[in-house]
Amino acid sequence: MTTPIADFVRAYAASGTARLHMPGHKGVSFLGCEALDLTEIHGADSLYEAAGIIAESEANAAALFGSARTFFSTEGSSQCIRAMLALALWNAGTPPGKRPLVAAGRNVHKAFLYAAALLDFDVLWLWPEEPSPSLCACGVTPEGLERALAGARPAAVYVTSPDYLGGQCDIAALAETVHRRGVPLLVDNAHGAYLHFLPAPAHPMDLGADLCCDSAHKTLPVLTGGAYLHVGAGAPAAFRQEGRRALALFGSTSPSYLILQSLDLCSRYLAGGYPARLAETADWLSAARKQLRRNGWAVWDTDPLKLTVDCAASGWDGRALARKLRSGGVECEYCDQDDLVLMWTPENSGADYRRLLDALGRNQGRPRQRLPLPAAAGEQACTIREAMFSPWERVPAAASTGRVCGAPTVGCPPAVPIAMAGERITPAAAALFGRYGAASVEVLRG
């Protein structure tokens, strides 16, 4: 597999050329990577007008993932989420005088809300069939989607899979459901870039999605900010033709060439022995889940590279369990009072596995009841755009009931909003703010 971006940058760094261009460090080492940090000089191509080495590298990635087209992002899946939604709206042809509509699982990342504010569309929220165990989870089913879409024709259906806890939707069945209605399926696959390389490929591109984003940096050896926007084989041609324009609408005109090199080199990594190493890692994690259950820990069934502890069923507060792990030299990805998430890749060593098992040990906790997670939907008092761009004030979360949410109040991780911008905050939402540690909330003035 060729690595055209990395090869060009290394050759330039070794050439001794006088750098009378940006960046200002001129290749002199302050952090250690400056010699490889370039901008769009002659021969380096340009991300949003790619016709040279970047276009070649993106084509390599598309071939690896089996997509009709793959575009690079150096600003994470957040940029790709906005681009996906822009593409869907441009393609939908919403009649004049009618507001665009997107149907979306309620556990969206807050980047989705920012896209709604910038692109000014309404949202038909999709809720799980059964009460959700976590703010992060929203198991949208084909049957539930059919009912939700009765009488509605959104510009797109948007789901998050895998979610932050590792839960997965039946993407193939959802794709079939929406395609019968002539609607595209968009998938936030930020946590699942590796899924295509499993023994049984399970990436959204394998399962019929029209657009999806991968945060390559979350599960692949890519620098933070590296992401892919994939276009499915059956997607409208406009998605392939306009994908770069959609990304440019939301991206910096100074993309990081360090991140681009990282994405470039990742293709060679994926084309090598990665599938075998991935399968080995997934097998080990499957065995680790069984061992932890034998040791008294309740562990969720998740996507293959997550190990998610059900802290409530294990008799722990997840934040206390995170402290216990930290004292044993292990840092988790995420924790709240009910769950703790550990993320793995083939780059984790056997020592990491042993350290985790030693740090957890045998669980002596007594299961506690997980508090129910009420649906926190409130009346939509104004559009998301109006709410996000209106004057706001910060009030104590306990005093927010009845006020209109101005901006999503949520930490990152998990970046899943409790109340959505423009919604009137319900007592259930106010209670969830306290449960997830939000002391104050941004609400519209007056």
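Residues numbered from 1 in each chain as written. Predicted model: local features only at pLDDT ≥ 70, side-chain atom pairs only at ≥ 80, totals over all residues. Heavy atoms only, no water.

Trainee: How do you make sense of the pairing of strand 2 (residues 101-105) when you look at a structure like this?
Mentor: Consecutive residues of a regular strand have side chains that alternate between opposite faces of the sheet. Buried residues dominate strand 2, accounting for four of its five residues. When strand 2 meets strand 3 (residues 122-126), the two strands line up parallel, connected through five bridges. What sits directly across from Ala 103, in strand 3, is Leu 124. The parallel pair strand 2 and strand 3, bridged by helix 4 (residues 110-119), forms a crossover whose chirality is right-handed. (Buried < 20%, exposed > 50% of the residue type's maximum accessible area, 1.4 Å probe, protein only. Helix = DSSP H or I, 4+ residues; strand = E, 2+ residues; numbered from the N terminus. Pairing = 2+ DSSP bridges. Right-handed = clockwise from strand over helix to strand, strands pointing away.)

Trainee: Sorry, what's going on with unusual backbone geometry here?
Mentor: Leave glycine aside and you will find that most residues have negative phi; peptide bonds, for their part, are mostly trans. In this structure, Pro 23 follows Met 22 across a cis peptide bond, with omega equal to 0 degrees. Relative to the assigned elements, Pro 23 resides in the loop between helix 1 (4-15) and helix 2 (53-65). Put simply, Ser 161 and Pro 162 share a cis peptide bond, and its omega is 0 degrees. Checked against the element boundaries, Pro 162 lands in the loop between strand 4 (156-160) and helix 6 (171-179). Here the phi dihedral of Lys 26 falls at roughly 60 degrees; this positive angle occurs in a residue that is not glycine. Residue placement: Lys 26 occurs in the loop between helix 1 and helix 2. Judged by relative accessible area, Lys 26 falls into the partly exposed class, the value being 38%.

Trainee: Explain the layout of surface pockets to me, please; I cannot follow it from the model alone.
Mentor: To locate leftover empty space, one rolls a probe as large as a water molecule over the atoms. Considering only enclosed or pocket space, the largest pocket measures out at about 480 Å³ in volume. Lining the largest pocket are 29 residues, with Ala 92, Arg 153, Pro 154, Ala 155 and Val 183 sitting closest to its centre. When residues of the lining of the largest pocket are assigned to their parent elements, the largest contribution, three residues, is made by helix 3 (residues 76-92). Residue classes in the lining of the largest pocket are distributed as 16 nonpolar, nine polar and four charged. Of the volumes computed, that of the second largest pocket is approximately 370 Å³. (1 Å grid on protein atoms, 1.4 Å probe; cavity = no way out; pocket = protein on both sides within 12 Å on 5 of 7 lines; lining within 4 Å. Points joined across faces, edges and corners; volume = space filled by probe spheres on them. Nonpolar A, V, L, I, M, F, W, Y, C, P; charged D, E, K, R; others polar.)

Trainee: Before we go on, may I ask you to explain the nonpolar core in this structure?
Mentor: Nonpolar side chains in soluble globular proteins tend to be buried together. If you look at the biggest cluster of nonpolar residues, it comprises 99 residues, and the most contacted ones within it are Phe 112, Tyr 158, Leu 220, Tyr 228 and Leu 307. Ranked by the residues each element gives to this core, the list is headed by helix 3, at nine residues. Beyond its immediate chain neighbours, meaning those up to four positions away, Leu 220 contacts Ala 193, Tyr 194, Tyr 228, Cys 266, Leu 270 and Tyr 274. Within the second largest apolar cluster, 19 residues are counted, among which are Leu 145, Leu 149, Cys 169 and Val 178. (Core = buried A, V, L, I, M, F, W, Y, C linked by side-chain atoms within 4.5 Å. Contact = heavy atoms within 4.5 Å.)

Trainee: Honestly, the side chain of Ser 77 in this entry has me stumped. Any pointers?
Mentor: Considering the arrangement of structural elements, one finds Ser 77 in helix 3. Residue Ser 77 is classed as buried on the basis of its relative accessible area, which comes to 5%. The residues touching Ser 77, leaving out its near neighbours within four places in the chain, are Ala 190, Cys 213, Asp 214, Ser 215 and Ala 227.

Trainee: Please clarify how the sheet that holds strand 3 should be interpreted in this entry.
Mentor: Strands belonging to one sheet form pairs held by backbone hydrogen bonds; the direction of such a pair is parallel or antiparallel. Pairing in this open sheet of seven strands is mixed, and the strands run 1-7-6-5-4-2-3 from one edge to the other. Edge strands, defined here as strands with exactly one partner in the open sheet, are strand 1 (69-73) and strand 3. Each strand of the sheet is rotated relative to its neighbour by a mean of 20 degrees, with strand direction disregarded. Two elements, strand 1 and strand 7 (residues 227-231), share five bridges in a ladder whose sense is antiparallel. (Axes fitted to C-alpha atoms, helices over the stretch in contact; angles between N-to-C directions.)

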